[in-house]
Amino acid sequence: MQKIAYYPGCTMKTTAKNFEDSAIAVFKKLGIELVEIPRWNCCGTVYSLTSDDLMHHLAPIRNLIRVKEMGCDKVVTFCSMCYNTLKQSNLRFQQNEEERQKINDFMYREELNYEGDVEIVQALEFLRDSVGFKKIAEKVKNPLNGLKVAPYYGCLLLRPKEASIDNPEDPSIVEDLIKSLGAEPVDFPYKNECCMSYLTVNHKDIVAERTFNIIKSAGKFGADMILTSCPLCEYNLDARQREALEKFPDHLSMPVLYFTQLMAMALGLDDKDIRFDLNYIKPDDKLIKSNI
Amino acid sequence: MAKKKTEKSVMDRIAEANKPVTTGVDEKDIKQWVMIYIMGRGYKVPADLTILTAMEFAGYRFVRGVGCRQGFCGACGTVYRKAGEYKLQTGLACQTRVEDGMYLVQIPFSPAKKPIYNIQKEPYDVSVLLKYFPEIARCVSCNTCSKACPQDIETMDYIQCALRGDFEELAEISFDCIRCGLCAMRCPAEIVQYNVGQLGRRMYGRYGLKKPEHLKVRIKELEAKKFDKELDVLEKASKEKLVELYAARVREKD
Ligand code: SF4
Ligand code: SF4
């Protein structure tokens, strides 16, 4: 079995356990073992844009030191937010000699001086480039024929363009994955819009409105469900449908899945690996079964 | 109104309280001396003392901020800088030897939030840690806490475990914490690490650990009064008999 260093991030271990469980199971099915990096810490959550604030780059860079300590120079991560923070911090680190030295100096207790030589790969990229959608299609046991799936990229997979996993203006990576599973991708105008992110803490109503609009649009274009790779997008689009319904009585609920959950369905994995128990809106049984 | 002459003034009492308490040391026997600076004031002290005994030698008397003197109670946290070094160091006064040119001060207490909770009523997941210590989410992984820890605990690692609800690792890593508070004094995110660790260990003990089977067996034995007879014998025994029994006792292996 092929092995790859895996950075989970806090959310995959807590509220997005369905993302992690399905991810591990899917990768195993594809012959890849995700090896959790030892002693990892929070990714830093948000990439710090402040030009003179190096403190917030310690967390992402420290994780990359852990990857090196494993003897690896490539790490795969699933959560869009972790991916974006790690990727951007690494780019900044690579491009700025002075900052590189300051960060390493501050972390003098680490045995290793980091040199910016770890490659951060988002799991979708890994599936496209290292596994190949063709191979995934070959492994599909239950083709999801007729299922209409709207890919939701959100912000962090595509922006800024240096950190984008695909063409930031016209991405197709998630569409290609959906096709490889036998389902039909649905294009809709909100696919690259922001989910309103952490406004969800203090301004549920703003998020509820955005969620309503995103789902309404996906529904208008015929989607049965929305696909994401970000636990925060998932939370805002899925759990916030409760507030959306309170505010907009004509809201039609729609399931929001992690891409690994959809893959687990198509690859014929068990319910315990798919873990719809943790999704707020459960995919309609009939919808799923009729498509499998 | 003038005070009576017999009544000691406050200043006299303070002066008395601060008299050296180290006795029986003849200064001519001491070969090596070092200069240390306690709160900025220089004192010449014997080189082989710990910070704690050196401070006593210099005349300080500890009423609080000292406990076991063995490095276990966590009461005598110290912060110091050595001459010519930029690094601020931490340690336990009872375990750290004085060095020439050391500038130091005691941190006998760290003001910390200590929430009240009932672990029986809390869910065994990350939410309990975030409910009582939401500031753990502010950790920037700077590792300053681990650098400060006199117990060599990877303090940052256990805070990170708390953040992802890994109670087992949290309990494992923080097990040797003596609650000295030095980490909390240094944390830029104002986290009170040792209280987070304590809640984590309590939750793990309550929900994470398996109930020990042998304990159930022993409780049954106690309920069946299995040991009452032997206890009766001990209760009635004379002092001589007790000494004899004690000497002949069967000991568990160390
Ligand atoms: S973890 Fe903090 S409180 Fe505990 S021993 Fe270390 S420095 Fe002291
Ligand atoms: S000192 Fe505070 S912010 Fe720094 S690693 Fe420790 S807990 Fe985190």
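Caption draft 1: Structural context of the overall build of chain A. Per the secondary structure count, chain A includes 15 helices and eight strands. A globule of 292 residues ought to have a C-alpha radius of gyration of about 19 Å, and chain A, at 19 Å, matches this closely. Principal-axis analysis of the C-alpha atoms places the extent of chain A at approximately 55 × 45 × 30 Å. Looking at chain A as a whole, 57% of its 292 residues are labelled buried. Within chain A, contacts between residues at least 6 apart in sequence are counted, and of these 79% link residues at least 24 apart. When the accessible surface of chain A is summed, it comes to about 12,600 Å², and 49% of that surface belongs to carbon and sulfur atoms. Across chain A, the mean location of the 37 positive side-chain charges is 3 Å away from that of the 43 negative side-chain charges.

Caption draft 2: Molecular detail of the interface of chain B and chain A. If you look at the interface, chain B gives 17 residues, while chain A gives 17 residues. Taken over both partners, the interface formed by chain B and chain A buries close to 1,500 Å², and the fraction arising from carbon and sulfur atoms is 54%. Together, Val140, Lys147 and Arg164 of chain B form the three largest contributors to the area buried by chain B at its contact with chain A, with a combined 38%. Remark: the boundary between chain B and chain A carries three salt bridges.

Caption draft 3: Highlighting the pattern of salt bridges. Residues and elements named next belong to chain A. Under the defined criterion, the tally for this structure stands at 39 salt bridges over all chains. Residue Asp21 pairs with Lys17 through a salt bridge whose shortest N-O separation is 3.1 Å. Of this pair, Asp21 and Lys17 both sit in helix α2 (residues 17–29), four residues apart, which is roughly one turn of that helix. Salt-bridge contacts for Lys247 lead to Glu209; the nearest nitrogen and oxygen are separated by 3.6 Å. Taken together, the residues span a long stretch of sequence, with Lys247 in helix α12 (residues 241–247) and Glu209 in helix α10 (residues 204–220) at a distance of 38 residues. Lys247 gets classed as partly exposed once you look at its relative accessible area, which sits at 38%.

Caption draft 4: Molecular detail of the pairing of strand β7 (residues 225–228) of chain A. Residue and element names in this part refer to chain A. Here β7 shows a buried face lined by Met225 and Leu227 and a second buried face lined by Ile226 and Thr228. As judged from the three bridges shared by strand β5 (residues 148–151) and β7, these two strands associate in the parallel manner. Along β7, the bridge assignment pairs Ala150 with Ile226. With three bridges joining them, β7 and strand β8 (residues 256–258) adopt parallel strand pairing. Its bridge partner lying in β8, Leu227 is registered against Leu257.

Caption draft 5: Local environment of a nonpolar patch on the surface. All names here are of chain B. Side chains of Leu231, Leu234, Leu242 and Leu245 sit close together on the surface and give an oily, nonpolar patch of about 320 Å² of accessible area. When contributions to the nonpolar patch are tallied by element, the ones reaching two or more residues are α10 (228–236) and α11 (239–247). Taking the relative accessible area as the measure of exposure, Leu245 reaches 34% and is therefore partly exposed.

Definitions and cut-offs
Throughout, a residue's number is its position along its own chain's written sequence, starting from 1. Labels are handed out in written order, letters beginning with A for the chains and numbers beginning with 1 for the ligands. Local features in this predicted model are restricted to residues whose pLDDT is 70 or higher, and side-chain atom pairs enter the listing and the counts only when it is 80 or higher, whereas totals over whole chains, interfaces and linings include all residues. The side-chain quantities take in all heavy atoms of the structure and omit both hydrogens and water. Where helices and strands are cited, they refer to DSSP runs of H or I of at least four residues and of E of at least two residues respectively, numbered from the N terminus. With the radius of gyration taken over C-alpha atoms, the globule rule is written as 2.2 Å times the number of residues to the power 0.38. Burial classes: relative accessible area under 20% of the type maximum marks a residue as buried, over 50% as exposed, and values in between as partly exposed (1.4 Å probe, protein chains only). Contacts are residue-level and defined by heavy atoms, with any inter-residue pair within 4.5 Å sufficient. To be clear on the numbers: accessible area is Shrake-Rupley with a 1.4 Å probe, and residue cover counts the displayed protein chains and nothing else. For the purpose of charge, His is not counted, nor are the chain termini; Lys and Arg are scored as positive and Asp and Glu as negative. Positions of charges follow a simple convention, taking NZ of Lys, CZ of Arg, CG of Asp or CD of Glu. What gets called buried area is simply the loss in accessible area from a 1.4 Å probe that two parts show on being joined, summed for both. Salt bridge, as used here, is a side-chain nitrogen of Lys or Arg placed within 4 Å of a carboxyl oxygen of Asp or Glu. Any two strands between which DSSP finds at least two bridges are classified as paired. A residue counts toward a patch only above 30% relative accessible area and without a salt bridge, and it is joined to like-charged neighbours within 9 Å or, for Val, Leu, Ile, Met, Phe, Trp and Tyr, to nonpolar neighbours within 5 Å.

So yeah, pure geometry; function would need other evidence.
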